[in-house]
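Survey of secondary and tertiary structure
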Amino acid sequence: MNENDVFDCIVVGGGHAGCEACAALARLGHRTLLVTGNVDRLGHLSCNPAIGGLAKTHMVREIDALGGMMGLWADASAIQMRVLNMSKGPAVRATRGQMDRQAYMANVRKSLFFLPNLRIWQDQVTGLVTSDRKVTGVITRQGLRFLASHVLLTTGTFLSGRIHMGLINMPAGRLGDEPATELSSSLTALGIQLGRLKTGTTPRLLGTSIDYDALEAQYSDTPLPRFSFHGPGPVLPQVPCHITWTNETTHDIIREGFDRSPLFTGVIQGTGARYCPSIEDKVARFPQRERHHVFLEPEGLDGAEVYCNGISTSLPLDIQERMIHSIRGLEHAVMVRPGYAIEYDYANPLQAHKTLETKAVPNLWFAGQINGTSGYEEAAAQGLWAALNISCRLRGLPPFLPRRDEAYMAVLVDDLVTSGTLEPYRMFTSRAEHRLLLREDTADMRLTPRGRELGLVDDRQWDIFQRRRELVSRGVAFLENKRLGAGAIVRGDAVVGMPLAEVLRRPKVELSDLAALDGEQNGDLCALLGEADDFTRGTIQADVKYKGYIERQRALVARSLRLEETPLPEDLDYTAVAGLSSEVVEKLCRVRPASLGQAGRISGVTPAAVDCLEIHLHKLGLLRLGKMK
């Protein structure tokens, strides 16, 4: 490795944010260096061996639509695929895939190691090189100095990481891996303010020691769902997961360990995840609950271990063993790895621009858990977001900044840089005010043209997208224009003379009901649908069935665009804005919103305060109020 090499970007950390960023930058032609502590664990699923879930799948599909990699890697590694929330509307449905942990890492390594423009180096970054307060490179533990015009930190839980098992604790990025201890001091010296967060993981069990006959099995859906719009889909054999429950005996054993729990004895100082609490936290907070779900998820086709989703814990080892043996089906289970909590440093994302470049240090970018998020999908989305913006900077293009109505990843980033976070941030569909426009099946319609413009969507993906877009457009138009003839009956109701689309909008009517009509009634519908896969047929149905709701959401977006498109100067003196309270001035100075729309989403900034900003911009000659209104 030649330390005199100069790169366009150095990516620090080989987790999901780092791997997605490296793949994008290298494929876009930028000379990229990935420095990671263990090249054998690129793309490691450190906690749950699963990808996707509610709101998370939406981001995986958006990554894929833009030309990113996570959806392809997940499809190639999936050993169980299901769609969640099928009984609910399409806006909140989500695909979830159980991964073969080793296969996922192998697929990531196979992609990254053979990418032109990407160098991979196993080492630990201990400090940053700066010049005129700008980052120009990194220093490693092996004494090497690498230079680059941009540095992207994707440190995960490794930044001053410390793991806890009962009252035992030790420095670690995760169990078995060293933490990054020196880098925190380098960041603090540059003016980056760091805080502490906490997350945790569950015990792993020996699969052959579990009594599966006592448990409820959960199988893949048929036909198999997929993550990628353009990939081959899942290729590995599918296996079931199993469900069991904790019980009152389990909870009594857990309570016995409270006096040795780092969570309750004050040993852990970092703030934990509100929406993914440990089992001891659940027992303490919900004493009325008689049981909690435990999902037993295989870690691979050839792996011996099973992940116990639902009992994340940092309790002492003896309590963990007794807790496990009290659960049905696990009476004789053998623990292979203990559960533990981990604390780590993060930087409140209020310190970042919307591009994810830090405000205090130009050319230094953060993505993933260093920004306070939790989850592989949130990290990968940020990695791609930062990489695309770095690429735009390198090529002299405008930044990549889709709006909240265009992508879940835009909701994620906007939430982070506008509101910050004091606890691990997790994406939910409820965070997106325009979620009907952000269905997982429309990610390609929203973002693939952007990915093509930026150069990340190749010809094959573009051809597949254009074919799907044409099928959806043709299908929707056919349903809107084709009217039913005499004698037409759907679900017992006469529908003579009605357009197929109007019939489809009735409650409980499905596209399959229309396809089942006599050929003279539905015309060429069956032939048209025969050209589309199940996923595309679902898009056609949702676009037609929810047309009125979609149009209303688009009208709301159009009305709010004037605020989103009204920029606020980065150096605006908020103390000079008449009518603002000192609290609002303080928040505006801290966030430095890029637009009036973003200013209005800051907690405590009222519509009246936004009006004051608007008037002030008019006084400065930066806009005309008449035109705005």
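Quick look at the structure, then. (Residues numbered from 1 in each chain as written. Predicted model: local features only at pLDDT ≥ 70, side-chain atom pairs only at ≥ 80, totals over all residues. Heavy atoms only, no water.)

Glancing now at helix H3 (residues 70-77). Extensive coverage of H3 is indicated by the burial of six of its eight residues. Among the residues making up H3, those that are buried are Met 70, Gly 71, Trp 73, Ala 74, Asp 75 and Ser 77. (Buried < 20%, exposed > 50% of the residue type's maximum accessible area, 1.4 Å probe, protein only. Helix = DSSP H or I, 4+ residues; strand = E, 2+ residues; numbered from the N terminus.)

The next subject is the packing of aromatic side chains. One pass over the structure, following the stated rule, counts six aromatic pairs. Summarising the aromatic geometry, the rings of Trp 73 and Tyr 104 are spaced 6.5 Å apart at their centres and angled 80° between planes, so their arrangement reads as edge-to-face. One end of the pair, Trp 73, is in helix H3; the other, Tyr 104, is in helix H4 (residues 101-112), and 31 residues separate them in sequence. Side by side, Trp 73 and Tyr 104 carry an identical accessibility label, which is buried. Lying across the ring of Phe 229, Arg 61 places its NZ or CZ 5.6 Å from the centre. (Phe/Tyr/Trp six-rings, centres within 6.5 Å; stacked < 30°, edge-to-face > 60°. Lys NZ or Arg CZ within 6 Å of the ring centre and 35° of its normal.)

The next thing to look at is the sheet that holds strand S13 (residues 204-206). Note on sheets: strands pair through backbone hydrogen bonds, and any given pair is parallel or antiparallel. The six strands lie next to each other as S14-S15-S16-S17-S13-S18, forming an open sheet whose pairing is antiparallel. Of all the strands in the sheet, just strand S14 (216-218) and strand S18 (335-337) have a single pairing partner and so form its edges. With strand direction ignored, the average angle separating the axes of adjacent strands in the sheet is 35°. Strand direction decides the pairing type here: strand S16 (residues 293-298) and strand S17 (residues 305-309), joined by four bridges, are antiparallel. Across the sheet, residue Glu 297 finds its bridge partner in S17, namely Tyr 307. (Pairing = 2+ DSSP bridges. Axes fitted to C-alpha atoms, helices over the stretch in contact; angles between N-to-C directions.)

Once that is clear, we can look at the layout of surface pockets. By volume, the second largest pocket amounts to about 1100 Å³. Along its surface, the second largest pocket is lined by 32 residues, and Met 86, Arg 93, Asp 534, Phe 535 and Gly 538 are the ones closest to its centre. Among the secondary structure elements, those contributing two or more residues to the lining of the second largest pocket are helix H14 (511-515) and helix H17 (534-545). Here the lining of the second largest pocket gets eight residues from one element, more than from any other, and that element is H17. (1 Å grid on protein atoms, 1.4 Å probe; cavity = no way out; pocket = protein on both sides within 12 Å on 5 of 7 lines; lining within 4 Å. Points joined across faces, edges and corners; volume = space filled by probe spheres on them.)

Right, let's get into the pairing of strand S11 (residues 168-171). In regular strands, side chains alternate between the two faces of the sheet. Sheet topology places strand S10 (residues 162-165) next to S11; four bridges connect them, and they run antiparallel. Of the residues in S11, the one forming a bridge with His 164 is Asn 169. Where S10 folds back onto S11 in an antiparallel hairpin, the turn is made up of two residues, including Gly 166, whose phi is positive at roughly 65°.

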